[in-house]
Amino acid sequence: MSAPLDVSIGAPGIAVPAVAAPSRLRRRLRRYGPAWVGGGIVIAWVLVALLAPWISPYHPDAVDVSIRLRPPSLAHWMGTDTLGRDVFSRLLHGARLSLAAGFTVVILGAAIGTTIGIVAAWTRGFGDEALMRLTDLVLCFPPIILALAIAAALGIGPLNTILAMLVVWWPKFARLARALALVQRSQEYVEAATVLGLRPRRILARHILPNTLGPLAVLVTLDLGNAILTFAGLSFLGLGVIPPMPEWGSMVAEGRELVEQWWVAAFPGLAILTVVVGFNFCGDGLRDWLDPRSRSR
Amino acid sequence: MARYIGKRLLLAALMAVLASCVIFLIANLVPGDPVLAQLGDVAASDPAIVARWRAKWGLDLPLWERYGIFLTGLLHGDLGISIATHRPVLDDIRQYAPATIELATIAFLLSLVIGIPLGIAAAVRRDGWIDSAARALSLLGVSAPTFWLAFMMLAIFYGGLGWAPGPGRIDPIAFPPEGPTGLFLIDSIWSGDWEGFQDSLAHLVLPSIVLAAATIGLITRTTRAAMLDSLQQDYVRVSRAKGLHEWAIILRHALPNALVPVVTLGGLAYANLLAGAVMTETVFAWPGLGRYTFTSAAALDFPAIVGITLVVSITFLLVNLAVDLSYALLDPRVRR
C-alpha cells in the first residue's frame, strides 16, 4: 500500500456521512475513555495481586472435600473446585503469577530485542545482516509451538516457561527497534553528535534510544496482554505451574471437563479476559496519544 | 519476476535447513531426559535397562553423529521413529494433519466471510454503531483466551442448551467417512455419505468459531484501516466526481486496492491458525496436529517434536513465500 499523499487537497471526509459535531468532552471521552477504563482495570488487578493474601476470604490451598464442587454462594462467591478449594481466593492469588510472568517476559524481551535491534541498525553491514537473519530464523517458527517445545524440554515450572517464552519473544522488538533506529540514524541531530565526536555508545543510549521509546512503549503495553495470554495457555497445557499453585490457565484446565460445574473454569478465564482487555485499551490509548495520525485507524 | 522467485526460494530453503539445525539442537541440548518420561520410575532406576534403552534410540551417540543420522534420514524423507507411539513420525503427521487442515481451513473461511464485510461496513460508516460493534468484537476476539472460549462454547451450546454436538470430529458411535483425503467433509461427499457430512459439519461449528475468534478481529481491523486509506485516495474522488454509484465506488475501486494488505495478513493468519490449533484441539478432543504436538512435547518425544516443528515451520515458510509472491503479483512496485 502506498501512503496517502499529504498534498491531497480538500476534505477527505466525503465518504463519511455528516455526523453532528460532537462536543469536545464527548470527543475526548470517545478518544481516551477506553484508555482510562483500561488503566483502571490494570491498576485494580495489580492491587489485587499485591494484596491477595489479605483480601482473600480463604487460604488458596485450603482443601475441604466435604464442600467440593459447590456452586457460587454467599460463602463462596465463585463456588468451590474438585478439592473444595475456594475459587475466588485462588483467582485472587492467581493474579500474582499471571501479572508477574507477563511483565517479566515483556520487559526482558523488550530489553533484549531493543538492544539487538539498535545495535544492528548502528553497525549495519555484516553485524546487521547476521542479527537480522537470526531474528528471521526465530520468527519462522510458530511462536506457541516453539515455546511449547522448549518449555516441555526444560521442564514444568514458572521460571522455565518464562525462559521458553523469552526465546520466542524478543524478535518483534528487535525488528521494530531496528526500523525506528534506522530512521533516527539518518537524522541531522545524530550527524551533529557524530561530528561533535561523541562515542557511538553514548549516541545510541542518549540520543537514538530515547527517540525510539514511544512506539516501543506502545508495543510493550499491547504485548503485555499477549504475554499473559500465552503464559496462561502454556499453563493450561500443564507447563506453567506445578500444582497446587494457583494460576488462571491451570485453573481453567482443572475445570475443563466440568461442563456442569461451569464456575470452576469460567471465572479464571474471565479474569484473564479482563486483564488482557485492560492492557489492550491502555495500549490503544497510548498509541493515539503518541501518534495522532493513528486515530483514524 | 523469475529472478525474484528464485531468490526467495533459495532463501526459504536456507532458512529451512537452519531451522532444522536449531530445532534439533534445542531438542537435544536441553536438560529434560526422555528416559524418566518413557520408562517410569522402577525401570529408570536400573542402569542396565536405561543403557539398553538409550542405545536402542541412539541417545548414547555423540550429538554430531545424531545430527548426521537425522539429516541423512531427512533427505530420504524419513523423520525418524516416535519414541512414544513407536511409529514413523511422518506417518503420525500424515494421520493427524487432515483434521487440523480441515479445521483451520473452515476457521479461515469463516474469518474472511465475517471479517471483510464487517471491515468494509465499519470503514464506510465510520464511528457509527457498526464500527463500534466491530471494534468491540475484535477486541474481545483477540483478548479472550482460546482455551477458555472453547470451554465456554462447549459448556453453553453443548452442556447447557444441547444445540451443538460434543467434542470430537464425529459422533463417537459413527464410523469415519471413507475417502482418500482424510478431510471428513470432502470424504463424505466423495462416498455419498450424507449423514456423515452433516455429522462432520455439525462437529466443526464450535471449534472453528473458537479458532477463528482472534483472526476475525485481525481481518476486520486490517480491512477497515485499508478501506479508510483507499477511500481517501484521489481516484475515489474522481469516481465520485464522475457520478458513479457509491457502492460501485466502494466495491469496484476502493476494495481491490484495500485487499492487498488483507491478503498479506490473511496468509500469515492461515499459517497461524494451523499452528494455533493446539488449544482448540485440546479442549475439543480434536485428533489433529495440535494435540499430537502437545502430547509429544509432554512425553519428551524428541523425534516427534523435531519432526512436527520442522514440518510446521516449513509450512510457515512456504505460506510466507506464497504471500510475498502474491504481493509481488498484486503490486508491481515490490518486484524490484
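Residues numbered from 1 in each chain as written. Chains lettered and ligands numbered in written order. Predicted model: local features only at pLDDT ≥ 70, side-chain atom pairs only at ≥ 80, totals over all residues. Heavy atoms only, no water.

Asks: Provide a residue-level description of the interface of chain A and chain B, including the pertinent values.
Replies: With 52 residues of chain A in contact, the opposing surface of chain B contributes 56 residues. Taken together, the two surfaces of chain A and chain B that pack against each other cover about 5,000 Å², and 74% of this comes from carbon and sulfur. At the surface where chain A touches chain B, the tally comes to 0 salt bridges. Here chain A is connected to chain B by 3 residue pairs in polar contact (both at pLDDT 80 or more). Sorting the residues of the side of chain A that touches chain B by element identifies helix 3 (125-139), helix 4 (143-154), helix 7 (200-236), helix 8 (248-254) and helix 9 (263-290) of chain A as the ones contributing at least two each. Considering each element in turn, the side of chain A that touches chain B owes the most residues, 10 residues, to helix 9 of chain A. (Contact = heavy atoms within 4.5 Å. Buried area = accessible area lost by both parts, 1.4 Å probe. Salt bridge = Lys/Arg side-chain N within 4 Å of Asp/Glu carboxyl O. Polar contact = N/O pair within 3.5 Å; in protein donor to acceptor, adjacent residues only side chain to side chain. Helix = DSSP H or I, 4+ residues; strand = E, 2+ residues; numbered from the N terminus.)

Asks: Mind laying out the nonpolar core, listing which residues take part and the relevant values?
Replies: Membership of the largest hydrophobic core comes to 103 residues, with the highest contact counts inside it found for Trp 45, Leu 91, Leu 148, Trp 169 and Trp 248 of chain A together with Phe 147 of chain B. The biggest single contributor to this core is helix 9 of chain A, with 13 residues. Built from parts of two domains, this core gets at least three residues from each of domain 1 (2-75) and domain 2 (93-335) of chain B. Leave out the neighbours within four places in its chain, and Phe 147 of chain B touches Ala 232, Gly 233, Phe 236, Gly 249, Val 252 and Ile 272 of chain A together with Met 279 and Val 283 of chain B. One finds Ala 123, Leu 228, Val 236 and Ala 258 of chain B within the second-largest nonpolar core, a separate group that totals 16 residues. (Core = buried A, V, L, I, M, F, W, Y, C linked by side-chain atoms within 4.5 Å. Buried < 20%, exposed > 50% of the residue type's maximum accessible area, 1.4 Å probe, protein only. Domains from an automatic or database assignment.)

Asks: Report on the UniProt feature "transmembrane region" (unreviewed entry) in chain B, specifying residues and quantitative values.
Replies: Residue and element names in this part refer to chain B. Those places that UniProt annotates as "transmembrane region" (unreviewed entry) correspond, in this numbering, to residues 103-124, 136-158, 200-219, 258-284 and 304-330. In residues 103-124, the share of helix is 100% and the share of strand is 0%. The end C-alpha atoms are 32 Å apart. For residues 200-219, the end-to-end C-alpha separation is 26 Å, with 100% helix and 0% strand making up the annotated structure. (UniProt positions renumbered as here; feature names shortened; annotations may be inferred.)

Asks: So, helix 11 (residues 234-241) of chain B: which residues are in play, and what are the values?
Replies: All names here are of chain B. Residues Val 236, Ser 239 and Arg 240 constitute the buried set of helix 11. Here the buried residues of helix 11 occupy an arc of 100° about the axis, which is enough to place them on one side. Looking one or two places after helix 11, you find Gly 243, whose phi comes out positive at around 85°. (Arc of directions from axis to C-beta.)

Asks: Tell me about the UniProt feature "domain: ABC transmembrane type-1" (unreviewed entry) in chain A, and please be specific about residues and values.
Replies: UniProt annotation of "domain: ABC transmembrane type-1" (unreviewed entry) refers to residues 95-283 of chain A when read in the numbering used here. In residues 95-283 of chain A, helix accounts for 83% and strand for 0%; the two terminal C-alpha atoms are 20 Å from one another.

Asks: So, the domain arrangement of chain B: which residues are in play, and what are the values?
Replies: What the domain assignment lists for chain B is domain 1 (2-75) and domain 2 (93-335). Relative to domain 2 of chain B, the C-alpha centre of domain 1 of chain B lies at a distance of 32 Å.

Asks: Talk me through the packing of helix 6 (residues 89-124) of chain B against helix 10 (residues 194-231) of chain B; I want residue IDs and the actual numbers.
Replies: Residues and elements named next belong to chain B. Running from N to C, helix 6 and helix 10 point in directions that differ by 35°, and their axes come no closer than 6 Å. Handedness of the crossing formed by helix 6 with helix 10: right-handed. For the contact of helix 6 with helix 10, a count of residues per class yields 23 nonpolar, 7 polar and 2 charged. (Axes fitted to C-alpha atoms, helices over the stretch in contact; angles between N-to-C directions. Left-handed = near helix turned anticlockwise from the far one by under 90°. Nonpolar A, V, L, I, M, F, W, Y, C, P; charged D, E, K, R; others polar.)

Asks: Give me the lowdown on unusual backbone geometry, citing residues and values where you can.
Replies: Peptide bonds are, in most cases, trans, and in most cases residues other than glycine have a negative phi. The step from Pro 243 of chain A to Pro 244 of chain A runs through a cis peptide bond, and the omega angle for that step is 10°. Here Pro 244 of chain A is to be found in the loop between helix 7 and helix 8. Positive phi, normally seen in glycine, also occurs at His 86 of chain B, with a value near 60°. Along the polypeptide, His 86 of chain B turns up in the loop between helix 5 (63-75) and helix 6. Despite not being glycine, Ala 285 of chain B shows a phi value in the positive range, around 50°. The residue Ala 285 of chain B is located in the loop between helix 12 (246-283) and helix 13 (289-298) in this model.

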